[in-house]
Amino acid sequence: MEPQQRSPLLEVRGNIELKKPLIKAPSRLPLPGTRFKRGPDQMEDALEPEKKRTRGLDTVTKIATSQSRAPAITARTQTQNQITAPKVPKKTGPRCSTAIAMVLKNQKSGPAVPAQKPGAAAPPMVGGRKPTKRPAWDLKGQLCDLNAELKCCRERTQTLAQENQQLQDQLREAQQQAKARGAECRTLEGELARVQAQAEQGQQELGSLRARVLELEEQQCTQEGLLRELQKEQLGLQEERRGLAARLEEQERRLQASEAALSGSQAEVASLRQEATGQAALLVEQGERLHGLEMERRRLHNQLQELKGNIRVFCRVRPVLPGEPTPPPSFLLFPSGPGGPADPPTRLSVSRCDERRGTLSGAPAPATRHDFSFDRVFPPGSRQDEVFEEIAMLVQSALDGYPVCIFAYGQTGSGKTFTMEGGPGRDPQVEGLIPRALRHLFSVAQELGGQGWTYSFVASYVEIYNETVRDLLATGPRKGQGGECEIRRAGPGSEELTVTNARYVPVSCEKEVEALLHLAHQNRAVARTSQNERSSRSHSVFQLQISGEHTGRGLQCGASLNLVDLAGSERLDPSLALGPGERDRLRETQAINSSLSTLGLVIMALSNKESHIPYRNSKLTYLLQNSLGGSAKMLMFVNISPLEENVSESLNSLRFASKVNQCVIGTAQANRK
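Residues numbered from 1 in each chain as written. Predicted model: local features only at pLDDT ≥ 70, side-chain atom pairs only at ≥ 80, totals over all residues. Heavy atoms only, no water.

The next point concerns the overall build of the protein chain. When you go through the protein chain residue by residue, the secondary structure sums to 14 helices and 16 strands. A total of 673 residues make up the protein chain; the buried ones form 36% of that total. Long-range contacts, defined here as pairs at least 24 residues apart, represent 72% of the contacts in the protein chain between residues at least 6 apart. In the form shown here, the protein chain has an accessible surface area of approximately 40,000 Å², with 54% of it arising from carbon and sulfur atoms. (Helix = DSSP H or I, 4+ residues; strand = E, 2+ residues; numbered from the N terminus. Buried < 20%, exposed > 50% of the residue type's maximum accessible area, 1.4 Å probe, protein only. Contact = heavy atoms within 4.5 Å. Areas by Shrake-Rupley, 256 points an atom, 1.4 Å probe, with all protein chains shown as cover.)

Turning next to unusual backbone geometry. Unusually for a residue other than glycine, Glu467 sits at a positive phi of about 60°. Mapped onto the fold, Glu467 is located in the loop between strand S7 (453-465) and strand S8 (468-471). Given a relative accessible area of 29%, Glu467 falls into the partly exposed group. Here Lys609, not a glycine, exhibits a phi torsion of approximately 60°, which is positive. Looking at the secondary structure, you find Lys609 in the loop between helix H11 (580-607) and helix H12 (619-623). Owing to a relative accessible area of 58%, Lys609 belongs among the exposed residues under this scheme.

This next bit is on helix H10 (residues 510-523). Between its first and last C-alpha atoms H10 spans 20 Å; for 14 residues at 1.5 Å apiece the expected length is 20 Å, and the two agree. For H10, the set of buried residues is Val513, Leu516, Leu517, Leu519, Ala520 and Asn523. Seen along its axis, H10 keeps its buried residues to an arc of 165°; they face one direction. (Expected span 1.5 Å × (residues − 1). Arc of directions from axis to C-beta.)

Here we take up the sheet that holds strand S4 (residues 368-373). The antiparallel open sheet is built from 3 strands, whose spatial order is S2-S3-S4. Both outer strands of the open sheet, strand S2 (332-333) and S4, are each paired with one neighbouring strand and no more. Examined bridge by bridge, strand S3 (residues 347-352) and S4 share 6 bridges and lie antiparallel to one another. By the bridge assignment, Ser351 is partnered in S4 with Arg369. The strands touched by helix H14 (residues 647-661) are S3 and S4; relative to S3, the strand with the most contacts, the crossing angle is about 145°. (Pairing = 2+ DSSP bridges. Axes fitted to C-alpha atoms, helices over the stretch in contact; angles between N-to-C directions.)

Our focus in this paragraph is the nonpolar core. Counting residues in hydrophobic clusters, the biggest one holds 51 residues, and the most contacted among them are Phe407, Leu628, Met636, Val638 and Leu654. Of the residues forming this core, the biggest block, 7 residues, is contributed by H11. The contact partners of Val638, leaving out residues within four places of it in the chain, are Val313, Phe314, Cys315, Arg316, Tyr409, Ser653, Leu654 and Ala657. (Core = buried A, V, L, I, M, F, W, Y, C linked by side-chain atoms within 4.5 Å.)

Attention shifts here to helix H9 (residues 433-449). Spanning 17 residues, H9 covers 24 Å between terminal C-alpha atoms, matching the ideal 24 Å at 1.5 Å per step. Those residues of H9 lying buried are Leu433, Ile434, Pro435, Arg436, Ala437, Leu438, Leu441, Phe442, Val444, Ala445 and Leu448.

So, about the pairing of strand S1 (residues 311-317). Burial within S1 is extensive, with 7 of its 7 residues counted as buried. Two elements, S1 and strand S5 (residues 376-378), share 3 bridges in a ladder whose sense is parallel. Residue pairing across strands places Arg316 opposite Phe378, the latter belonging to S5.

Turning our attention to the pattern of salt bridges. Opposite charge on two side chains permits pairing when their charged atoms draw close. Applying the stated criterion to the full structure yields 11 salt bridges. A salt bridge links Glu191 to Arg194; the shortest N-O distance between them is 2.1 Å. Of the two residues, Glu191 and Arg194 both sit in helix H5 (residues 139-257), 3 residues apart, roughly one turn of that helix. On the accessibility criterion, Arg194 (40% relative accessible area) is partly exposed. (Salt bridge = Lys/Arg side-chain N within 4 Å of Asp/Glu carboxyl O.)

Our focus in this paragraph is the UniProt feature "binding site: ATP" (unreviewed entry) in the protein chain. Cross-referencing UniProt, the feature "binding site: ATP" (unreviewed entry) maps to Gly410, Gln411, Thr412, Gly413, Ser414, Gly415, Lys416 and Thr417 in the present numbering. Structurally, Thr412 is set in the loop between strand S6 (404-410) and helix H8 (416-420). Classification of Ser414 by relative accessible area gives buried; the value is 1%. Here the side chain of Ser414 touches Gln411 through a polar contact of 2.7 Å, landing on its backbone oxygen. (UniProt positions renumbered as here; feature names shortened; annotations may be inferred. Polar contact = N/O pair within 3.5 Å; in protein donor to acceptor, adjacent residues only side chain to side chain.)

Moving on, we get to the confidence of the model for the protein chain. Overall, the prediction assigns the protein chain a mean pLDDT of 76, with 69% of residues at 70 or greater. The spread of mean pLDDT over the elements of the protein chain runs between helix H3 (residues 69-84), the lowest at 40, and strand S11 (residues 505-507), the highest at 94. Taken as a whole, residues 1-101 scores under 50 in pLDDT and shows 96 contacts with residues more than four places along the chain or in a different chain. Per-residue pLDDT stays below 50 along residues 103-122; that stretch engages in 26 contacts with residues further than four places along the chain or on separate chains. (pLDDT = per-residue confidence, 0-100.)

A few words on the pairing of S3. Across 2 bridges, the pairing between S2 and S3 is antiparallel. Residue pairing in the sheet places Leu332 in a bridge with Val350 of S3.

Turning our attention to empty space enclosed by the protein. Here the structure, examined in full by the defined rule, presents 3 cavities of 30 Å³ or more. Considering only enclosed or pocket space, the largest cavity measures out at about 50 Å³ in volume. Lining the largest cavity are Pro435, Leu438, Arg439, Phe442, Glu510, Val513 and Glu514. Listing elements by their share of the lining of the largest cavity, those giving two or more residues are H9 and H10. (1 Å grid on protein atoms, 1.4 Å probe; cavity = no way out; pocket = protein on both sides within 12 Å on 5 of 7 lines; lining within 4 Å. Points joined across faces, edges and corners; volume = space filled by probe spheres on them.)

The tally for this structure, following the rule as stated, stands at 8 aromatic pairs. Between Phe372 and Phe374, the aromatic rings sit 6.4 Å apart at their centres with planes inclined by 10°, giving stacked as the arrangement. There is no split in this pair, since Phe372 and Phe374 are both buried. A connected cluster of aromatic rings, assembled from ring pairs, spans Phe314, Phe378 and Phe637. The residue whose ring lies beneath Lys633 is Tyr402, and the NZ or CZ to ring-centre distance is 5.0 Å. (Phe/Tyr/Trp six-rings, centres within 6.5 Å; stacked < 30°, edge-to-face > 60°. Lys NZ or Arg CZ within 6 Å of the ring centre and 35° of its normal.)

Here we come to the packing of helix H7 (residues 384-396) against H9. When two helices pack together, their arrangement is given by the angle between the helix axes and the distance between those axes. Where H7 meets H9, the axes come as close as 10 Å, and the angle between the chain directions of the two elements is 50°. Between H7 and H9, the crossing angle belongs to the class labelled oblique. Crossing angle aside, the handedness with which H7 passes H9 is right-handed. Judged by residue contacts, Gln384, Asp385, Val387, Phe388, Ile391, Ala392, Val395 and Gln396 of H7 engage Leu433, Arg436, Ala437, His440, Leu441 and Val444 from H9. Class assignment of the residues belonging to the contact of H7 with H9 gives a composition of 9 nonpolar, 3 polar and 2 charged. (Parallel < 35°, antiparallel > 145°, perpendicular 65-115°, else oblique. Left-handed = near helix turned anticlockwise from the far one by under 90°. Nonpolar A, V, L, I, M, F, W, Y, C, P; charged D, E, K, R; others polar.)

This part covers the environment of Gln279. For Gln279, the location among the structural elements is in helix H6 (residues 262-308). Here the alpha-carbon distance between Gln279 and Glu240, two residues 39 residues apart in the chain, equals 9.9 Å.

Right, here's the structure in full:
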């Protein structure tokens, strides 16, 4: 029967107990060349131990050959492990502990067999065959076998010592790595404390700015109260003046009646004229003061807008339409503001479940939350008047001479056109930002007319379709033709841009604006997409040129209000088969995404104060050049869908809006003369 194959590591550990040097027994064989003279009894006594040894060796050999070699080695390995186990240090690194555990596991995996005595080692193999039995008298051969086995055990012991040294080196390396990780952890804790201190300092600065705003508002209220008092005083003076006029008439009648009182009446008339002159001078002074208060109001208004940021980003989530699936409650979350539920929300949290990911147990991966922060977030239940209330002060800045640009960004079907133009019909509850903004401007301009200001408004409405400018207000044969419209300078050396062959219509009331919006809605390029039955496939730009003049003081101001409805930013699936209609949609989408990318590059370049701004890379940015620079105020609406199936496009829109929200453009300058 072939001996059982033994593991090298078990064989080495099992033979460690052979480290003790062998004690050579004195040989009882007669040396060559010597002669002993013994009697019969002495010869029998001398041969008797040899017979006993022969019988002992035969018995041991039979026991050794009847048992397999692997169990004996395993038993010696277990004995060795019991002896060397207490020498393992208590503090070991993870790598060393893992190595020791693997060795012990390998040792335990073998069968437990009784140990074999060192002196009962099996004779060596001869040519891979069953070992031959040495004769009992061949003690020298047995000694050679034991020496060879001893040499092999020493080599194995040396190998085990080297492995032990390697494990100790690995343990020291693991301890050094642990120390390095501890130092790195302490460094990160210090960095965290520093960042927290910076955050606290920022909160303190924000509190001081809020206190400053409150102080300015209180000053404004005080100035308004003083203005009311002055107006009351002015009315009193006017009444007093009328009384003096009546008195003067009475004196004139007395003058005709009595020549004797002529001198006294003339003196009184002179005094009254002097008083009237003083009243007139006082009225001029009050007019100057009223003008100064108006200028102060404009300055404080602009300062308040600058505190809010010259680039602001609002996020609006449209409501779920009839027939659409209701998203889970945890899909979109609107955390409360710093002041609690009373403050308007400024943060948005989106949950996304990726079906391609999973755990080791086969269960679906947990949902991933994406948090975004903007200047204002409008939940699905927000009304149109609530949205406009947030931008009314920004729209009024256009009357003060500051260029203003407001545009809506998002995928198709996210509610951009509804936000800018409103819903179908003429329901005042669903009016968009464009009609509400113009109504607000007309109202404020009428109020400022009482202070000597006169304003004129000129409107234009164009669309950019596949990098071609089209006039949405065109009528007759020119309707739908865009090849003749080009963006040009208004004159040599002028920074003002104009669209050639486009209609510029003066407007002065709401009805005229409604007629223009209705005409533009009919002429705009739309198409059916996978996201929307009637999708806008172009960028529409409503421009309102505002000119103001104060003839009494020789003051002039001019600015433009740009209200832009951007085309849908969704991506087409390149794996779909493209028919003639799909090829047109592909070209449209490529042109739309190219112009939107250029818009992002322009905003980033303005924020980084780069020397070259790529306005001319797109017709959209080139047309809005004067409303995107450092002298303008911008606001972006990012519109997203509440449906879970559109989460990919919604996240892309939110990430783009977050980049825009992080940009800072220089202080805006009013266009005054």
